[in-house]
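The lines below spell out each chain.
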Amino acid sequence: MSNKLHIVSLGCNKNLVDTEVMLGRLKAYEMTDDSSEADVIIVNTCGFIDAAKEESINTVLNLHDKRKEDSMLVMAGCMSERYSEELSKELTEVDIFTGVGDYANIDKLLAEKESRFTEQVYLIDGEERVVTGSTYHAYIKISEGCNQTCSFCAIPSFKGKLNSRNLDSIAKEVEGLVKQGYYDFSFISQDSSSFLRDQNVKDGLIHLIKRIELIDGVKSARILYLYPSTTSMKLLQEIAKSPLFHNYFDMPIQHINDEMLRMMKRGFGKEKTLEQLNYMRSLPNSFVRTTFIVGHPGETEAMFEELCDFVRDFGFDRANVFGYSDEEGTSAFDVAEKLPQDLIDERAEILGAIIEEAELKLLQNEVGKEIELIIDGESDEHEFLLSARKTIWAPEIDGEIYVNDKSIDEEFEFGVIYKAKVTDLVGKILTATVTGRA
Ligand code: SF4
């Protein structure tokens, strides 16, 4: 009887790819959703900001409470890497600690019941992975680490310097996944627009786009995590003219006030950022997503109001807002004067409400439109409401659409692209009627 494995992947989609590599190494195990019957429990942690660290610790402790005797509890990933010394001493509940260098060695660590922190940050390069969460969409990690020095960010301290995969390795992985039926891909990293800069190639993403366009069977693609100062107009124009890559622009800008962008060490000011955003917005069927940080040391009321006005006017399709988290090892951490936590929370709430209002307005504009969508399965809401997403949207983070009707005879097939008409906006969710196959 095979051993049972329970695995939890926390944090971002880049962490998810590493979790899928571990699953590729542990194919001999039987997967179980019930951690109390698992022989091996693995938590791939996130260590980005306080909230994520808290979730990682709580997840490990909760799983420990429910685990069966003689099972093995493994703590892997960014939090484990960032605080390896403290955790190894204090978190005695954990049997095996590993960081961000040994995902492809997980089977050996389990066999040897040994903790290991290989210095070289792991980057997938041809290893088999078990794609989770979809039968047609996969995340493709194009690089690891980051050369930027954003004042608030600790990621480079535990993920290291930018290390890009080569194009052949990426293309080979995509070709292999196409053979398994995957046709929709999201290309991800910490700083995607710097792809191949560590190999002295400027605009590496343009080479990537051209290479992926040559692969038969890829029907849909998007790039996440563009960085403003390494995103050229040439790249944006390449995306705009690509028959494959959607006009999907995910570019965390963090703020819009010049002085604050300088304090955040973002390398790009308001004027150039607006030039990029306005060009993205000007493209047909464009989708613009971003992220903000409020409450960074030095943020005045006036800077915050400037940001709020900008977000209200620009109207992002999707945006996340984080309250500043004081992370040791970052340059902002050394700034003496910090904003009080309740003010940080208040600003995050205010900007969050402005973002939501703008998103609802844009969603309302979708009603009556003809779109393309993919049905993922039954929704959590009701068996007669099917959960779908627009083909341009990224999975999970951009929301879902409820398909509640069709004007075609055939039975629905999950994971294929349909044409549909948006019929209504119910709360924050669009409803649609399927009108044909795309
Ligand atoms: S681009 Fe900035 S925020 Fe993103 S991982 Fe690099 S340093 Fe952190």
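As the structure is a computational prediction, the values presented were derived from the model and not from experiment. (Residues numbered from 1 in each chain as written. Predicted model: local features only at pLDDT ≥ 70, side-chain atom pairs only at ≥ 80, totals over all residues. Heavy atoms only, no water.)

## Description of the domain arrangement of the protein
In step 1: By domain assignment, the protein separates into domain 1 (4-112), domain 2 (137-364) and domain 3 (370-437).
In step 2: For domain 1 and domain 3, the distance between their C-alpha centres works out to 34 Å. (Domains from an automatic or database assignment.)

## Considerations on the sheet that holds strand S3 (residues 40-45)
In step 1: Taken in spatial order, the 5 strands make up an open sheet running S2-S1-S3-S4-S5, and their pairing is parallel. The open sheet has two free edges, formed respectively by strand S2 (30-31) and strand S5 (96-97), since each of these has just one partner strand.
In step 2: The strands touched by helix H1 (residues 13-25) within the sheet are strand S1 (4-9), S2, S3 and strand S4 (72-77), with S1 carrying the most contacts at an inclination of about 170°.
In step 3: Helix H2 (residues 50-66) rests against S1, S3 and S4 of the sheet, and its axis sits at about 170° to S3. (Pairing = 2+ DSSP bridges. Helix = DSSP H or I, 4+ residues; strand = E, 2+ residues; numbered from the N terminus. Contact = heavy atoms within 4.5 Å. Axes fitted to C-alpha atoms, helices over the stretch in contact; angles between N-to-C directions.)

## Some details on the layout of surface pockets
In step 1: Size it by volume and the second largest pocket reaches roughly 730 Å³.
In step 2: Taken together, 30 residues line the second largest pocket, and the ones lying closest to its centre are Pro284, Asn285, Ser286, Lys390 and Ile392.
In step 3: Looking at the lining of the second largest pocket, its residues break down into 13 nonpolar, 8 polar and 9 charged.
In step 4: Residues lining the lining of the second largest pocket come from more than one domain, with at least three contributed by each of domain 2 (137-364) and domain 3 (370-437). (1 Å grid on protein atoms, 1.4 Å probe; cavity = no way out; pocket = protein on both sides within 12 Å on 5 of 7 lines; lining within 4 Å. Points joined across faces, edges and corners; volume = space filled by probe spheres on them. Nonpolar A, V, L, I, M, F, W, Y, C, P; charged D, E, K, R; others polar.)

## Comments concerning the side chain of Asn15
In step 1: Looking at the element boundaries, Asn15 is found in helix H1.
In step 2: Not counting residues up to four positions away in its chain, the partners in contact with Asn15 are Ser9, Leu10, Asn44, Thr45, Cys46, Cys78 and Tyr103.

## Description of the site of the ligand
In step 1: Around the ligand, the structure places Cys146, Gln148, Cys150, Phe152, Cys153, Ile155, Pro156, Gln190 and Tyr227.
In step 2: Class assignment of the residues belonging to the shell around the ligand gives a composition of 7 nonpolar, 2 polar and no charged. (Near = heavy atom within 4 Å.)

## Comments concerning helix H12 (residues 301-314)
One turn of the α-helix equals 3.6 residues, which is why residues spaced by three or four share an orientation.
In step 1: Between its first and last C-alpha, H12 extends 20 Å over 14 residues, near the 20 Å set by a 1.5 Å rise per residue.
In step 2: All of the buried residues in H12 are Met303, Phe304, Leu307, Cys308, Phe310, Val311 and Phe314. The arc that holds every buried residue of H12, seen down its axis, measures 165°, which confines them to one face. Relative to its buried face, H12 has exposed residues pointing more than 90 degrees away, namely Ala302 and Asp313.
In step 3: Tucked inside the fold, the buried residues of H12 contact helix H10 (258-263), helix H11 (270-282), strand S12 (287-294) and helix H13 (341-364). (Expected span 1.5 Å × (residues − 1). Buried < 20%, exposed > 50% of the residue type's maximum accessible area, 1.4 Å probe, protein only. Arc of directions from axis to C-beta.)

## Description of the nonpolar core
In step 1: If you look at the biggest cluster of nonpolar residues, it comprises 52 residues, and the most contacted ones within it are Val174, Phe185, Phe187, Ile212, Phe292 and Phe310.
In step 2: Apart from residues lying up to four places away in sequence, Val174 is in contact with Ile140, Phe185, Phe187, Ile212, Ile215 and Val218.
In step 3: Membership of the second largest hydrophobic core comes to 38 residues, among which are Val21, Ile96, Ile106 and Ile293. (Core = buried A, V, L, I, M, F, W, Y, C linked by side-chain atoms within 4.5 Å.)

## A short note on the pattern of salt bridges
In step 1: On inspection of all chains with the given rule, the structure shows 35 salt bridges.
In step 2: Residue Arg389 is joined to Asp184 by a salt bridge in which the shortest nitrogen-to-oxygen separation is 2.7 Å. You can see Arg389 sitting in strand S15 (residues 386-390) and its partner Asp184 sitting in strand S9 (residues 184-188), a full 205 residues away along the chain. Both residues of the pair, Arg389 and Asp184, belong to the buried class. (Salt bridge = Lys/Arg side-chain N within 4 Å of Asp/Glu carboxyl O.)

## A closer look at the pairing of strand S13 (residues 318-323)
In step 1: The pairing of S12 with S13 spans 6 bridges and is classified as parallel. Bridge pairing in S13 places Phe292 opposite Val321.
In step 2: Each parallel crossover has a hand, and for S12 linked through H12 to S13 it is right-handed. (Right-handed = clockwise from strand over helix to strand, strands pointing away.)

## As for the sheet that holds S15
Paired through their backbone hydrogen bonds, the strands of a sheet run either parallel or antiparallel.
In step 1: Read around the closed barrel, the 5 strands follow the order S14-S15-S16-S18-S17; overall the barrel is mixed. Neighbouring strand axes in the sheet, compared pairwise and without regard to direction, differ in orientation by 55° on average.
In step 2: As paired elements, strand S17 (residues 417-426) and strand S18 (residues 429-437) share 8 bridges and run antiparallel to each other. Within the sheet, the bridge partner assigned to Val426 lies in S18 and is Ile429.

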